[in-house]
Amino acid sequence: MKENINQKITGYNNNKGLKYIQVHLKKYQLLMNTFIPEEVSWLKKIFITIDFVCCVVKYGAGINDYFQYNFYKRKAIDRKNFIVGRKWKKIIKICNGKVNQSLFDDKSQFNRVYLKYLGREWLDLDECNYEEFEKFLQKHSKVICKIKQGSGGNGIEIFDSDKSKNLEENYTELKKNHVILEELIEQQKEMAEFNPSSVNTMRLVTIKEGEEVYLMNAVFRTGNGEGCTDNFHHYGLAALIDVKTGIVYTPAVDKENHQYIIHPLSKKQIIGFNIPNWNDIVDTVKDAAKVMPNVRYVGWDIALNTEGKACIIEGNCASDPDITQMPDQIGKWDQYKKIIKKYK
């Protein structure tokens, strides 16, 4: 596979009109170059392109779906079992009514409603003055700074007040960007060992049906470098967790489908890792899933603090199924179909 230089292979195209088409064409070429070996003949590549168009029409697959799930290698009976764009939207529509939910899209709103699950202090710069900002940083000199409307690991960085030359200027600049500040989570020792520079987390996907909360899938995520997040769409790694035992049972993968049995930097073994305090983590997300009865499909990002307590980082009401299907390359549509049909 070629190194990705010109454009990320992650994310989705929110442009319109001609720009939408241009971005899609560039992305298709990028993913073709990334996933298809150079030695493949031009005739085969033409066939792949035709096949891709057919998959868009027949299955509602997107560009990412086609390449990251290796559709170009699969038969129809296998392809139909993957949750691709059309089925993903169907899950969201049936369970949540719509893709965008202000409570989950705005980090400050989310933190207020799910305060008891956060396990950390936080501050909304849109609703505080300089004195409150200064007092917060006196207590927590190094904090996570998050843009309220950010997603996919975007707009997140560490702010260290000890390195600030002019705190008032920092306050003014941060306030313009509509951010929240959060106390840094000190991680549970075993989790931190995978990649110490990032908060390594779990993604647990739940669907609520009546008073029953189903834990559909669970994913272990770790950073892969110097970044402060473990986000899969920002070069992080992801591996599947057995929802009953809390044991990681697949190798980890990155967005280019490279597999890792051990972490490439820390050399700590990934497959077979037993997530600490798994039952408490499951209890936490199942309890949180009952808070908003009209939002039934959520992917919960969970970190463990030094005491092993589950801390909810955020909830994703349009949780991308790529992270639950890429590590084992097995489609999950049949599993979800059995649950969501109960809403019809």
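The present account deals with the structure reproduced in this document. Computed from a predicted model, the values in this text were never measured in an experiment.

A separate point is the overall build of the protein. When you go through the protein residue by residue, the secondary structure sums to 14 helices and 11 strands. Radius of gyration (C-alpha) of the protein: 21 Å, near the 20 Å computed for a compact globule of 344 residues. Going through the 344 residues of the protein one by one, you find that 52% of them count as buried. Restricting the contact set of the protein to residue pairs at least 6 apart, pairs at least 24 apart contribute 63%. Positive and negative side-chain charges of the protein, numbering 51 and 44 respectively, have mean locations separated by a distance of 10 Å.

What follows covers empty space enclosed by the protein. Applying the stated criterion across every chain yields a total of 2 cavities of 30 Å³ or more. The volume enclosed by the second largest cavity comes to roughly 40 Å³. In this structure, the second largest cavity is lined by Lys107, Phe110, Asn111, Lys146, Glu182, Ile313 and Glu314. Contributing elements (two or more residues each) for the lining of the second largest cavity: helix 7 (107-113) and strand 11 (310-316). Ranked by the residues each element gives to the lining of the second largest cavity, the list is headed by helix 7, at 3 residues.

With that settled, the discussion passes to the pattern of salt bridges. Under the criterion given, the structure shown has 18 salt bridges. Between Lys139 and Glu121 there is a salt bridge, and its shortest N-O distance comes to 2.8 Å. Separated by 18 residues along the polypeptide, Lys139 in helix 9 (residues 130-139) and Glu121 in the loop between helix 8 (115-118) and strand 1 (122-124) bring together distant segments of the chain. For Lys139, a relative accessible area of 56% corresponds to the exposed category. Residue class for Glu121 comes out partly exposed when judged on its relative accessible area of 32%. Between Asp301 and Arg221 there is a salt bridge whose closest N-O contact spans 3.2 Å. Placement of Asp301 in strand 10 (residues 297-304) and of Arg221 in strand 6 (residues 212-222) is noted, with a sequence separation of 80 residues between them. Arg221 gets classed as buried once you look at its relative accessible area, which sits at 4%. Put simply, Arg112, Asp124, Asp126, Glu127 and Lys148 are held in one network by salt bridges that share partners.

What follows concerns a nonpolar patch on the surface. Side chains of Leu18, Tyr20, Ile21 and Leu25 sit close together on the surface and give an oily, nonpolar patch of about 420 Å² of accessible area. On the basis of relative accessible area, Ile21 is assigned to the partly exposed category, the value being 46%.

On the basis of which strands lie adjacent, the open sheet formed by 4 strands has the order 1-4-2-3 and antiparallel pairing. For this open sheet the edge positions go to strand 1 and strand 3 (156-160), each flanked by a neighbour on one side alone. When strand polarity is set aside, the average angle formed by the axes of neighbouring strands in this sheet is 25°. Pairing of strand 2 (residues 142-147) with strand 3 involves 5 bridges; the strand directions are antiparallel. Bridged to Lys142 within strand 3 is Asp160. Running over the sheet, helix 9 touches strand 1, strand 2, strand 3 and strand 4 (179-183) and is turned about 30° from strand 4.

Residue position: Phe273 is located in the loop between strand 9 (259-260) and helix 12 (278-288). Overall, the relative accessible area of 7% leaves Phe273 in the buried class. Distance from Phe273 to Tyr20, taken between C-alpha atoms, is 42 Å for residues 253 residues apart in sequence.

Right, let's get into the packing of aromatic side chains. Geometry of an aromatic ring pair is reported as the spacing of the ring centres plus the angle between the planes. Inspection of every chain in the model, using the stated rule, returns 26 aromatic pairs. Judged by centre distance (6.5 Å) and plane angle (45°), the rings of Phe110 and Trp300 are tilted. A residue pair is termed long-range when its members are at least 10 positions apart, and Phe110 in helix 7 and Trp300 in strand 10 qualify at 190 residues. In this structure, Phe110 and Trp300 share a single accessibility class: buried.

The rules behind each value
Residues numbered from 1 in each chain as written. Predicted model: local features only at pLDDT ≥ 70, side-chain atom pairs only at ≥ 80, totals over all residues. Heavy atoms only, no water. Helix = DSSP H or I, 4+ residues; strand = E, 2+ residues; numbered from the N terminus. Rg over C-alpha atoms; globule rule 2.2 N^0.38 Å. Buried < 20%, exposed > 50% of the residue type's maximum accessible area, 1.4 Å probe, protein only. Contact = heavy atoms within 4.5 Å. Lys, Arg positive; Asp, Glu negative; His and termini not counted. Charge placed at Lys NZ, Arg CZ, Asp CG, Glu CD. 1 Å grid on protein atoms, 1.4 Å probe; cavity = no way out; pocket = protein on both sides within 12 Å on 5 of 7 lines; lining within 4 Å. Points joined across faces, edges and corners; volume = space filled by probe spheres on them. Salt bridge = Lys/Arg side-chain N within 4 Å of Asp/Glu carboxyl O. Patch = residues over 30% accessible without salt bridge, like charges linked within 9 Å, V, L, I, M, F, W, Y side chains within 5 Å. Areas by Shrake-Rupley, 256 points an atom, 1.4 Å probe, with all protein chains shown as cover. Pairing = 2+ DSSP bridges. Axes fitted to C-alpha atoms, helices over the stretch in contact; angles between N-to-C directions. Phe/Tyr/Trp six-rings, centres within 6.5 Å; stacked < 30°, edge-to-face > 60°.

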